[in-house]
Each structure stands twice: as C-alpha cells, then as structure tokens.
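An overview of the molecular structure
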Amino acid sequence: MSNKVEIITIDGPSGVGKGTLSRLLAQKLDYALLDSGAIYRLAALYVLDHVIDISHEQLLYDELSQLNIHFAIEGNQTKAFLDGMDVTTRIRQEQTGMMASKIAKISIVRDALLACQQAFAQGVKGLVADGRDMGTVVFPNARHKFFLEAGSQIRAQRRYDELIAKGQKADFTEILTQLEARDHQDRNREVAPLRPAEDALIIDTSSLDIDGVFAKVYAAVKLRNNKQMTVAIDAYYQLLIKAIDQLGYAPEFLNAPQKIDQANTRLLCQTRSLFFLLTYAGLTNTQAANAYAYKLYQVMKSQYFDEQSKAWIKTQSSKDGNDLYEYAFVLFTLSVLYGTFKEHVISEDIEHVNELITQKFIADDFKALKDQHGVIGQNALMHLFEAYLGAYRHTQNPIFKTQAEALYQKIIALFFDHERSLMREYSREDKSALFEPGHSFEWSSLIVEAQALGVDVDIMSDHIGLYQAATKVGINDCGFIKPNLSHDVKDMQYRIWPMLEYMRYLAMTASYEHLDNALSIFSTVFLKHDLPIEYVDSEGAVGFDDVKSTTGYHLINCWQYMLR
Ligand SMILES: Nc1ncnc2c1ncn2[C@@H]1O[C@H](COP(=O)(O)OP(=O)(O)O)[C@@H](O)[C@H]1O
Ligand SMILES: Nc1ccn([C@@H]2O[C@H](COP(=O)(O)OP(=O)(O)O)[C@@H](O)[C@H]2O)c(=O)n1
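Just so we're clear, the structure is a prediction, and the values are computed from it rather than from any experiment.

1. Structural notes on the packing of aromatic side chains
For the structure shown, the criterion picks out 28 aromatic pairs. The interplanar angle of 10 degrees and the centroid separation of 5.5 Å between the aromatic rings of Phe214 and Tyr218 together place this pair among those described as stacked. Note that Phe214 and Tyr218 are positioned in helix 10 (residues 210-224) at a spacing of four residues, about one turn of the helix. Residue Tyr218 is classed as partly exposed on the basis of its relative accessible area of 22%. Members of the aromatic cluster, connected to one another through ring pairs, are Phe275, Tyr325, Phe329, Phe332 and Tyr553. The residue whose ring lies beneath Lys259 is Phe253, and the NZ or CZ to ring-centre distance is 4.5 Å.

2. A few points about the site of ligand 1
The immediate surroundings of ligand 1 are formed by 15 residues, with Gly15, Lys18, Gly19, Thr20 and Arg159 found nearest. Within the side chain of Thr20, a nitrogen or oxygen atom sits 2.5 Å from an oxygen atom of ligand 1. Within the side chain of Arg158, an N or O atom sits 3.5 Å from a nitrogen atom of ligand 1. Bound to the protein, ligand 1 loses 79% of the 560 Å² it would expose on its own. Of all the secondary-structure elements, those providing two or more residues to the shell around ligand 1 are helix 1 (18-29), helix 8 (152-165) and helix 10. Of the residues assigned to the shell around ligand 1, the class counts are five nonpolar, five polar and five charged.

3. Topic: the UniProt feature "domain: Cytidylate kinase" (unreviewed entry) in the chain
Here, the residues flagged by UniProt with the feature "domain: Cytidylate kinase" (unreviewed entry) are residues 8-222. What you have in residues 8-222 is 51% helix and 18% strand, and the ends, taken at the C-alpha atoms, are 12 Å apart.

4. A closer look at the sheet that holds strand 17 (residues 542-544)
Across the sheet, which stays open at both edges, the three strands sit in the order 13-16-17 with antiparallel pairing between neighbours. With one partner strand each, in any of the chains shown, strand 13 (493-495) and strand 17 form the two edges of the open sheet. Each strand of the sheet is rotated relative to its neighbour by a mean of 40 degrees, with strand direction disregarded. For strand 13 and strand 16 (residues 535-537), the ladder comprises three bridges, and the chain directions are antiparallel. Within the sheet, the bridge partner assigned to Arg495 lies in strand 16 and is Tyr535.

5. Points about the site of ligand 2
Taken together, 20 residues are adjacent to ligand 2, and Ser14, Arg41, Arg110, Arg182 and Asp186 come closest. Here an oxygen atom of ligand 2 and a side-chain polar atom of Arg159 are 3.2 Å apart. One nitrogen or oxygen atom from the side chain of Arg182 is found 2.7 Å from an oxygen atom belonging to ligand 2. Computed on the free molecule, ligand 2 has an accessible area of 520 Å², of which 96% lies beneath the protein chains in the complex. Among the elements of the structure, helix 2 (36-49), helix 5 (94-103) and helix 9 (172-188) are those that each provide at least two residues to the shell around ligand 2. Looking at the shell around ligand 2, the element that brings in the most residues is helix 2, giving four residues. Broken down by class, the residue content of the shell around ligand 2 amounts to four nonpolar, six polar and ten charged.

6. Remarks on the side chain of Ser22
Mapped onto the fold, Ser22 is located in helix 1. Judged by its relative accessible area of 0%, Ser22 is buried. If we skip the residues at most four places from it in the chain, Ser22 touches Ile10, Leu33, Val128 and Asp130.

7. Focus: the pattern of salt bridges
Proximity of charged atoms lets side chains of opposite charge pair with each other. Applying the stated criterion across every chain yields a total of 26 salt bridges. The salt bridge involving Lys79 is made with Asp86; its shortest N-O contact spans 3.5 Å. The class of Lys79 is buried, set by a relative accessible area of 19%. Exposure remark for Asp86: the relative accessible area of 41% places this residue in the partly exposed category.

8. Digging into the pairing of strand 7 (residues 144-149)
Extensive coverage of strand 7 is indicated by the burial of five of its six residues. Two elements, strand 1 (residues 6-11) and strand 7, share four bridges in a ladder whose sense is parallel. Along strand 7, the bridge assignment pairs Ile8 with His144. Across four bridges, strand 7 lies against strand 8 (residues 201-204) in parallel orientation. Bridge pairing in strand 8 places Phe147 opposite Ile202.

Rules and cut-offs
Residues numbered from 1 in each chain as written. Chains lettered and ligands numbered in written order. Predicted model: local features only at pLDDT ≥ 70, side-chain atom pairs only at ≥ 80, totals over all residues. Heavy atoms only, no water. Phe/Tyr/Trp six-rings, centres within 6.5 Å; stacked < 30°, edge-to-face > 60°. Helix = DSSP H or I, 4+ residues; strand = E, 2+ residues; numbered from the N terminus. Buried < 20%, exposed > 50% of the residue type's maximum accessible area, 1.4 Å probe, protein only. Lys NZ or Arg CZ within 6 Å of the ring centre and 35° of its normal. Near = heavy atom within 4 Å. Polar contact = N/O pair within 3.5 Å; in protein donor to acceptor, adjacent residues only side chain to side chain. Areas by Shrake-Rupley, 256 points an atom, 1.4 Å probe, with all protein chains shown as cover. Nonpolar A, V, L, I, M, F, W, Y, C, P; charged D, E, K, R; others polar. UniProt positions renumbered as here; feature names shortened; annotations may be inferred. Pairing = 2+ DSSP bridges. Axes fitted to C-alpha atoms, helices over the stretch in contact; angles between N-to-C directions. Contact = heavy atoms within 4.5 Å. Salt bridge = Lys/Arg side-chain N within 4 Å of Asp/Glu carboxyl O.

As structure tokens, this is what we get:
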C-alpha cells in the first residue's frame, strides 16, 4: 500500500465548508493547502482586469498558463497575490466568483491551470486540496477523498452569517440566487463538472457544525492510515498467495496449509479467498492479486463443479451438492469476479448458478434446508440475499433486485423477532443458540447496502434499531461480540468474524467513535504477529491461533468499508 505524498481532496459546492475544513485539516496534520478556487478566482480577476475576450481560447490559454500568482500566510489569513499585488479581498467579491465559475467551464482554462494546481503536491509530505474536481481530475490517485454536501438554503445562510459577522451588508435572497446559479453552472458544465469521485466519502454537513465535520473527516483519515490493519491485510495476502503457489488451491488454514488434504478442503475456501483477492486487488491496485483470483476461479470450476450431477459440491470427498451456503458464495463471488473481468463466460456461470439455486432451493420453498422438525437456519439465506445484492450491483440485471426483494420478505417472515428487534438463527423459537449478535450486525450492513442499491427493504428498513438491539445484548464487558445469547458466559469462545462484522457496520455508517474503540480491541486481541487469529476466550487469551482462509472475506470486507 503506497506511502507517497498523502493527498486529501475536499470537493463540494459553494458554501458547504470546504475551505474551513481544509484549513483545519492542514493545520492539524501540518500539510500544505491548495485552495484551487482561489486560483480560479485569481485567473478570473486577471481576465476582468485585462478585459480579455474569453471567447478567444488560444489567448486565454497563453495568458493563464503563465499566470504570476502566489500565496502567503499572514497571521491566520492566507493572502493571495496577482502580479505581486495583494488581491485577497478583490478575489472574494461575488463578481469575481461568477467570472471564475464562467471561465471554469472552458476546457482550455482548466488545462492551463492544471499544472499550477498539481505543483502544490511537490516537495511536501502532505496536501489538502480544496475545490470542485480535486478527487476526480486534479488528484485522481489521492489517498483520501471527501465530498461535502448541504442544501442551498443552508449554504446561503452560512455565507450570510459570515458576511454579517464581518460587519458587511448582506441580502439573503441575493446570496441564495447567486449561489444556486453558480451551483447550476458548476454541476452542469461539460468539463470536470462538480460531482463526487467514485471512491469519495460523501458527507452531508447540513446538520453538523464545523467541529462535527472535522471530527468525521479526521477520524476517516486516521482510520485509513491505520497501520496495524494495513499490515495484517498485506501479511494475510502474502500467506494466501504462498499457499496457492504451493498447493494450487486455497487451503483451510493458511498457516498450516497441509493440515487438511485437498479432498476435504471446502469450496468455501476458494470462493471466499477469491473475494479476498479481488477486493485486495481493487484496494491496492495489485494486478497479481487479480491473476490469483482468476486462477482460483478456474480451480473452482474444474474441481468443485460436478458435470454429471450439475452441482457445486461442498468438498471433493463428500460430493455434497445441496449446500445453499456454498451456492450463495459461488454466486456472490462470481458476481464480484464479473465486476472485475466483465467476461461473457462469467456472466453465463452466474446465470447458471442462479438457475441452480432457484431449482434446488427456491422452487420448493427451501424444503431442502429444513431439518426433521421443519426448522430452517437463517445464515445461508442471509448469504443468498447478500449474493443477490452483489449480483445486482455487478451485473445490473434487474432480476437480482426482484429476487432479493422476494427473499427479503421471506427472511423477515421467518427470522425477524419484532419484539427484540433481532435476527433469529432459526425459523422456530425453541432451538438453542437463538441469537448470534454477529449476524444481526451483518444484517444491519446488508440493509444499508440494499438501501444504497435501491432494493426495497421496507419492512425492516431500520438497520439502526437492529444494530442497537444487537449492541445492547451482544457485546461483553471487554468489548467482544458474544457468539450467541444462550450459553454461560464463562464457556464462551469469542470468534473473530462477529468483531469484523460489527466494525464493518460501524465503518459503513461512519460511527467513528465506536469504531475507534472496536478497532483498538481488535488489533490488540485478534491480531497476533500481524495475522488475524480465529478466537479468544472471555479473558482475551488466544484460543485458536490458526489463520483461516475463510476469514479473509470478513477481514477485507470490513477493511474496504473502512477505506470508503
Ligand atoms: N458545518 C458547518 N456548520 C456551520 N457553518 C459552517 C460549517 N462549515 C462551514 N461553515 C461556515 O460556512 C461558511 C462557508 O464555509 P467555507 O469553508 O467558506 O465554504 P466553501 O469553501 O465550501 O465555499 C463559513 O462562514 C464557515 O465558517
Ligand atoms: N477546483 C475548482 C475550484 C473552483 N472552481 C470554480 O471556481 C469558482 C470559485 O471557487 P471557490 O471554491 O472559491 O468558491 P466558493 O466555494 O468559495 O464560493 C467555483 O464556483 C467554480 O466554478 C472550479 O471550477 N474548480
């Protein structure tokens, strides 16, 4: 994971708080600051002062690419200079802002000012870049990208208050009209329009004060720089590819690859490792990880698909082809694989496994999943729901949305305990191990994800209620997630995955305070020699320090949301 100049981009519309936040961050981190708006404003002032015909593109380019500007910090103010003249006040006038927005539409102007902006990242340890296209165009490889949002009324009010506080005259309606006009111009222009970068964290500042926005962004930056998690994931990756090189498949235990032979190694190890590799490749730009993923895809097909029975088998020794949990992960992983490789053959595999799932499990209303008392377990269905969401996300095929919505209705009817606001493990109350808090956290994340995809999860759209209920009963005094709510606390073994699922939800919902706590417990207790270990006892002593290849799925899934 790279450690070049650390660039933080802050984009968003006028008056949203970019400048304020950028200054605070640059101060706190002792980074350089780029106020790109000021550069556009200086260019605009130059155009206004020299009465340049902005329709004359070559002239504009020649003049603006040689703009003589500099900034100087005086007290707590940054002064802007054009041709040696202090123009700090003049560039802030609204007519300069409007001209800035006008010339900012012209592609050649943006080209002329690009090098000047990028130069701010030279010779510094870090840079906070404030603007409209910092994350999308000027610094597309920036490590941290943020996009601030707030309604135009709120932003106009902030500007109004600012002017009044300075003792200046202000007309709210006029400010609002100008701000909305500039918004429209910035969002709808053809070149570098104002929009969030795909990998930007979008923060709605409407109901946050300056401290609140700063706390959120600063926590996100700190999180992404969390060395322990980064090191653990890199170490895990190295161990996984070493095992694949050695054996040709992903074994059950990465630190003891020979412990279980190939015939008894689960398909699940292949699918989950494949997901780990693809996600790792996406987050770190490691092409080799994609190549390993593709290799595992071929292993899966040649060794875990039985041509005769047309079934995905759980292990080669058992030949069990009726495990929905395994099927769900095949569908899920193939979808992510399709997202990376976009190959027709993968989409055919997706269609095929989806068809198999429908025939084998859904057509007879999950009869294959019922035990002798007619009881169904929740876990496999949750992962099928997750797989449908993944398939919908990566293939955009609406059939997966429809399937996800139908399955969701079914799951809620079978497993959701309305009184306790928790997900039950079994479709009937009288089974032991009624609740596993880890699954309720996993569900909370899936609901957030479904909502983001526009999948209708109306019946229990309250992921917060579910999360809160699980938090209340599911975490012990040391901050570990209880494996279930039915056993004596003394005998409990605390697994790593519920902790990762808990942290994933906290990351998804930007609950950084809780996440900070959980992450420090996690790093102290569940990482040993930089690797994730399986479980600890109630005192936090290591119970089982093997490194499982199935854990990589939870690990990287959690980490990818921490990076968002
Ligand atoms: N979260 C916030 N809550 C309330 N006021 C804010 C917030 N962020 C910024 N402000 C105020 O709003 C005004 C505009 O902020 P500024 O940083 O100049 O926005 P931008 O650079 O995005 O145009 C300033 O007066 C600033 O103090
Ligand atoms: N990176 C940037 C920064 C500003 N601009 C333009 O320059 C204008 C003034 O930018 P600014 O950041 O000073 O504006 P405010 O948000 O402070 O009002 C914006 O309205 C944009 O049209 C841009 O196009 N790209």
